[in-house]
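These are the residues of each chain, in order.
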Amino acid sequence: MGINALSKNDPSSFSNTEEVVIRHAHISWLVDFKKQTLAGSVRLTFEKVIDSVSKVVLDIKDIDVKKVTFDEQTLEFQKSPTVRTFGESLTISLPKNVPKTFNVIIQYESSPKAQALQWLSPEQTAGKTHPYMFSQCQSIHCRTIMPCQDTPYVKFTYSAEVDADAELTVLLSGVSTGTPEDIPGRTTLRRHKFEQKVTIPSYLLAIVVAKISFRTISPRVNVWAEEQIVEAAAWEFGQAEEQLKIAEEICGPYEWGRYDLLILPPSFGYGGMENPCINFITPTCVVGDRTHAVAAIAHEASHSWTGNSVGIKNYEHFWLNEGWTMFVQRKIESKLFGEKYRHFSAILGLHEMRNVVNDSKHPEIETNLVKNLAGIDPEDVYNNVPYEKGHTLLFYLETLLGGPEMFDPFVKSYCQHFKGKAITTDDFKAYLYKSFASKKDVLDSVDWQTWFFGLGMPPVIPDYDKTLSEQCTILVQKWLKCPEAEIDTLKSSPGFKDLSPLQQREYFDQLGLSDEIISIKKLEELDEWYNMKTLRDTEVKFRWLRLCIRAQWEAKIGEAIEFATIQGRMKFVRPLFRSMYDWPAARDRAVEAFKAHRGEYMYITAHQVALDLQLDS
Ligand code: BES
Ligand code: ZN
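Predicted, not measured: the structure shown is a model, and the values here were computed from it. (Residues numbered from 1 in each chain as written. Chains lettered and ligands numbered in written order. Predicted model: local features only at pLDDT ≥ 70, side-chain atom pairs only at ≥ 80, totals over all residues. Heavy atoms only, no water.)

**Details of helix H19 (residues 603-612)**
Given 3.6 residues to a turn, an α-helix orients residues that are three or four positions apart in the same direction. Rules: Exposure classes here rest on a 1.4 Å probe applied to the protein chains alone. A residue is buried below 20% of its type maximum, exposed above 50%, and partly exposed in between. Under the DSSP-based scheme used, a helix requires at least four consecutive residues in state H or I and a strand at least two consecutive residues in state E, with every element numbered from the N terminus. Residues count as neighbours in contact if any of their non-hydrogen atoms are within 4.5 Å of one another.
Across the ten residues of H19, eight count as buried, placing the element largely inside the fold. Within the sequence span of H19, burial applies to Ile604, Thr605, Ala606, His607, Gln608, Val609, Ala610 and Asp612. Close packing links the buried residues of H19 with helix H17 (570-581) and helix H18 (584-597). Two residues or fewer after H19 comes Gln614, characterised by a positive phi angle close to 55 degrees.

If you want it as structure tokens, here you go:
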């Protein structure tokens, strides 16, 4: 095996997990805002898989390894040359006859470039007085803050001691053990201790250090945010406990102890991240109607089972995380708002997927469910296909196997059966066949090959209830068909403002997906009539601006740029920049705006947009 050979179990990792695996990590960090580093050590507890193991191969990227010890004995280590996006392997030679379970301590310091971390200056926060740091380890960024087997194939427990500025709060993706302590001789710092007793993959390690406060929702739920928005956030996420209980009815008992929520600054690049014990959520959910908050909790809380408990062997099977989570999310939404809502949400999801499929420049790797990721960064193929094609497959199976009555018990038993494991698509399929042994013929009728490996839209679109989407279709047709001279006749009710927030999204999706291009004149009328500038719902606003840009309405370039720079959700930022890049009249302004704001985005957002704008390679 050459030094650059990637892992047998995971094409995104260098680690020799077939020989040895991490069981526990004990982390000691000093958070240094001036240097923008984490400095300290990690004590890794390994278990041998094969007795003859002579080395440990770990993943690192931009990490300065200072010293490696075993039983106070210094060990030799070697870093490989850097491999694009994957970083380096760190090979540690083991002494002869190490026991079955053994500890290795690695002293190291992360780099200010560490891709997992975003360091915000006080000016970039709502409070303006203190700096803010948060992490995002998924998919393969944990290796930039800790040498580890950076693969979901390996799960470990962890404990941590983190020293940080005494004025700041520190939270990790575990449970705090005791109040922060003073450190003798270091009066500006305090020490915080944490523990995660449930085994997790490396991508679920998370940290936030910031001036934040909390409001209590229930004995196990606190909402954390900067003081300026914590009240509003606590209201928005006020149903978290009820939702968690519904999730437990669907999936089984919640095993992580606490379920806290952290509302991040606007540069957070995702809608949410399922960090255990403390889900990270975008502030764009805080709009005052709970619509997005409920969806975000339904989604991220569901990951507590699908993803965080039932894990994946590697990112080729990422759809098992996200497709299953969409399925459970929509089950929760069905219990809250009814089955029609669940169906409507699925229709909306497929329309968004159609947008992504239409825009895809590499459909052969971007639109299949099960991937081959040899040499490919999982994030370069990240989009909503695993979410929506995955959801569609599960919904199709539910219908085929006799509806919720038959499928609900399977959902629960799937979560229990694979609890704590890291599985593949084949494991899922085999368990499905086992659970529905009497329906083998039905299952054999499924075109698995096309579902798993086919490109583009799902091979079967379920017959979803269309009540809620048809109301949008009627309005869309009215606007598309109406002669421009008669536009005033469209301004009667029911109109756009009478649609629910989800329907408003669907309305713009349908306008955008239609073969007929809506004229700029009509867009102008819509804008004036409904005062689109005042839209607060970012999901709706994004679709409106995407429509305007695709229609090449020049007056809207400024608004689109503003929207793509005041918040950093990749799902909004990337398509807007891409559409502007594809349109010569907008290209230069878009590139210029991105360059001016590049430093404010999270690493991954900046990186992906730079690729889209052909600034990086
Ligand atoms: N785990 C994902 C976010 C993610 C995926 C981060 C891949 C890094 C790499 C999270 O659970 C998610 O799906 N977030 C959604 C939110 C949603 C569906 C409510 C998002 O960000 O859009
Ligand atoms: Zn998710």
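**Side note on the nonpolar core**
Worth spelling out the cut-off: Definition used in this section: a nonpolar core is a set of buried Ala, Val, Leu, Ile, Met, Phe, Trp, Tyr and Cys residues joined via side-chain atoms within 4.5 Å.
Ranked by size, the top nonpolar core spans 149 residues in total, and within it Ile106, Leu397 and Tyr414 carry the most contacts. Per-element tally for this core: the top contributor is helix H4 (residues 318-337), with eight residues. Within the second largest apolar cluster, 49 residues are counted, among which are Ile518, Ala564, Met580 and Leu613.

**Here's the deal with the coordination of the zinc ion (ligand 2)**
To keep things clear, this is the line we draw: Only N, O and S atoms count as donors, using a 2.8 Å cut-off from the metal and 3.2 Å for Na, K and Ca, and because water is excluded some sites may appear unfinished. In this scheme the shape depends on donor count and angles: four donors with every angle between 85 and 135 degrees give tetrahedral, four or six donors with opposite pairs above 155 degrees and others between 65 and 115 give square planar or octahedral in turn, and any other case is irregular.
Listed as protein donors to the zinc ion (ligand 2) are His299 (NE2), His303 (NE2), Glu322 (OE) and Glu322 (OE); their distances from the metal cover 1.9 to 2.8 Å. Because the angles between the six donor atoms bound to the zinc ion (ligand 2) fall within 52 to 161 degrees, the donor set is best described as irregular. Each donor residue of the zinc ion (ligand 2) belongs to the same chain, with the gaps between them written as H-x3-H-x18-E. Judged by its relative accessible area of 0%, His303 is buried.

**What about the domain arrangement of the protein?**
Note the threshold: Note that the domain bounds were set by an automatic or database domain assignment. As a working definition, buried area equals the accessible area (1.4 Å probe) given up by two parts on being put together, with both sides summed. Throughout this description, the term salt bridge denotes a Lys or Arg side-chain nitrogen within 4 Å of a carboxyl oxygen of Asp or Glu. Under the rule applied, a polar contact is a pair of N or O atoms within 3.5 Å (in protein, one hydrogen donor and one hydrogen acceptor; residues adjacent in sequence only if both atoms are side-chain atoms). Polarity classes work like this: nonpolar for Ala, Val, Leu, Ile, Met, Phe, Trp, Tyr, Cys and Pro, charged for Asp, Glu, Lys and Arg, and polar for all others, with Gly in that last group.
Split by domain assignment, the protein resolves into domain 1 (1-203), domain 2 (212-304), domain 3 (311-453) and domain 4 (467-612). Taken over C-alpha atoms, the centre of domain 1 sits 42 Å from the centre of domain 4. Each side of the interface is counted separately: domain 1 has six residues, and domain 4 has six residues. Of all residues in domain 1, the largest losses of buried area upon contact with domain 4 belong to Gln115, Gln118 and Gln124, amounting jointly to 62% of the total for that side. For the pair domain 1 and domain 4, the interface holds zero salt bridges. The tally of links from domain 1 across to domain 4 stands at three residue pairs in polar contact (both at pLDDT 80 or more). Along the lines of polarity and charge, the residues of the side of domain 1 that touches domain 4 split into one nonpolar, five polar and no charged.

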